[in-house]
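# Coordinates in review
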Amino acid sequence: MLQLTRRAVLGAIAAAAAAACAPRPSAAFTLDEVIRRHVEARGGAAALDRVQACLIDVEIAEGGQTLLGRYAADASGLVRIDIHVADALVYSEGVDREGVWLWSRRDPAPSPSAATGAANALLNGAEGHLFGLHRYRERGHRVRLMPAVRIEGVDHEVVEIAFTTGHVSYLYIDHAAWLIARRRDERAYHPDASEERQRIETIFSDYRDVDGALYAFRNVDRDLDTGSQLSTNQVRRRVTNPDFPEGMFARTYQPPARWE
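Below: a short report on this structure. (Residues numbered from 1 in each chain as written. Predicted model: local features only at pLDDT ≥ 70, side-chain atom pairs only at ≥ 80, totals over all residues. Heavy atoms only, no water.)

For the rest of this paragraph, the subject is the environment of Glu62. For Glu62, the position within the fold is in strand S1 (residues 53-62). As for Glu62 and Gln229, which are separated by 167 residues in sequence, their C-alpha atoms are 8.8 Å apart. When residues no more than four places from it in sequence are discounted, the contact partners of Glu62 are Tyr189, His190, Leu230 and Ser231. (Helix = DSSP H or I, 4+ residues; strand = E, 2+ residues; numbered from the N terminus. Contact = heavy atoms within 4.5 Å.)

Residues other than glycine predominantly adopt negative phi, and peptide bonds predominantly adopt the trans conformation. Residue Glu152 is not a glycine yet carries a positive backbone phi of 50°. Along the polypeptide, Glu152 turns up in the loop between strand S7 (142-151) and strand S8 (154-162). What makes Glu152 exposed here is its relative accessible area of 67%. (Buried < 20%, exposed > 50% of the residue type's maximum accessible area, 1.4 Å probe, protein only.)

Further remarks concern the pairing of S1. With seven of its ten residues buried, S1 lies for the most part within the structure. When S1 meets strand S2 (residues 65-74), the two strands line up antiparallel, connected through ten bridges. Looking across to S2, one finds that Glu62 is bridged to Gln65. Hairpin remark: S1 followed by S2, antiparallel, with two residues in the connecting loop; positive phi at Gly63, about 60°. As defined by bridge partners, S1 adjoins strand S13 (residues 229-240) across eight bridges and the pair is classed as antiparallel. (Pairing = 2+ DSSP bridges.)

Next up on the list: empty space enclosed by the protein. Under the definition given, this model contains one cavity of 30 Å³ or more. Residue lining of the largest cavity: Arg42, Leu48, Val51, Gly128, His129, Leu130, Phe131, Gly132 and Tyr215, and that is the complete set. Looking at the lining of the largest cavity residue by residue, the class counts come to five nonpolar, three polar and one charged. (1 Å grid on protein atoms, 1.4 Å probe; cavity = no way out; pocket = protein on both sides within 12 Å on 5 of 7 lines; lining within 4 Å. Points joined across faces, edges and corners; volume = space filled by probe spheres on them. Nonpolar A, V, L, I, M, F, W, Y, C, P; charged D, E, K, R; others polar.)

With that out of the way, let us pick up the packing of aromatic side chains. Taken as a whole, this structure holds three aromatic pairs when the rule is applied. Taken together, a centroid distance of 5.1 Å and an interplanar angle of 85° make the contact between Phe29 and Trp178 edge-to-face. With Phe29 in the loop between helix H1 (6-20) and helix H2 (31-42) and Trp178 in the loop between strand S9 (168-174) and strand S10 (180-188), this residue pair connects regions lying 149 residues apart in the sequence. You'll find Phe29 and Trp178 in the same group, each marked buried. Taking 5.0 Å as the distance between ring centres and 80° as the angle between the ring planes, the aromatic pair formed by Phe244 and Phe249 counts as edge-to-face. For Phe244, a relative accessible area of 23% puts it in the partly exposed group. Residue Phe249 is classed as buried on the basis of its relative accessible area, which comes to 9%. Over the ring of Tyr215 we find Arg42; its NZ or CZ atom is 4.9 Å from the centre of that ring. Across from the ring centre of Trp103, 3.8 Å away, lies the NZ or CZ of Arg105, which sits over that ring. (Phe/Tyr/Trp six-rings, centres within 6.5 Å; stacked < 30°, edge-to-face > 60°. Lys NZ or Arg CZ within 6 Å of the ring centre and 35° of its normal.)

Under the criterion given, the structure shown has 24 salt bridges. Where Arg36 meets Glu40, a salt bridge forms, and the shortest distance between an N and an O atom there is 2.9 Å. Taken as a pair, Arg36 and Glu40 lie in helix H2 at a separation of four residues, close to a single helical turn. Exposure remark for Arg36: the relative accessible area of 38% places this residue in the partly exposed category. Here Glu160 ties to Arg144 by a salt bridge, and the two come within 2.8 Å at their closest N and O atoms. Placement of Glu160 in strand S8 and of Arg144 in strand S7 is noted, with a sequence separation of 16 residues between them. Members of the salt-bridge network, linked through shared partners, are Glu152, Arg182, Arg184, Glu201 and Arg222. (Salt bridge = Lys/Arg side-chain N within 4 Å of Asp/Glu carboxyl O.)

Another aspect to go through is the nonpolar core. Within the largest apolar cluster, 40 residues are counted, with the highest numbers of intra-cluster contacts made by Tyr71, Val159 and Ile161. Leu55, Ala72, Phe249 and Tyr253 belong to the second-largest nonpolar core, a separate cluster that totals six residues. (Core = buried A, V, L, I, M, F, W, Y, C linked by side-chain atoms within 4.5 Å.)

Right, dumping it as structure tokens:
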């Protein structure tokens, strides 16, 4: 009788996972061709280049609770995130003219953030929200085409992004829609709480048109090593080039208790 040990079972699972994500021969796409197809699929360079700022309201399911987040960024490098639970503002963070900051609302005032991961997340995240992939190289990021892979029966071109911050992410652009279906990187998930790094995959879906350009309205984060789901984020509203309130990106700005 065949005896299955725990090691054998784990080995079989790992082998199956490796086979599912095994490198596939690329259809001779160059990096420029991959970027061109992707940018066209999102609505074209002109539509993407019109974006100079964005405001995003998102519902976050994490750790058994539902949070409401408001994200704002502009092309000058300013970023702000405010997190509410019900009508209570519980946390804010961002990048203002003085640098990266955070403010747990249990504290009387905001403080500078010393976490490298926090700066990376805020600055690199803004790049993804405000600039198309065709702009990355001119903005100083290193972009490389990696071997294509097949995941769950779909071929993906893999683009490595080495950001100017030093962080590296891998974008998985599927051949079906030429949109970013996944992103994988190694990073601290909540860097201001812990700098311990995890291998994280973000799965993007529910792409919608906003002012002529496509954006993912849903993403799910999971730990690649354990398979556990970390959070689900559903965009409620995305506004292109909004009129921000005066001083909104300053760390001392007090957002309204209720959102529209």
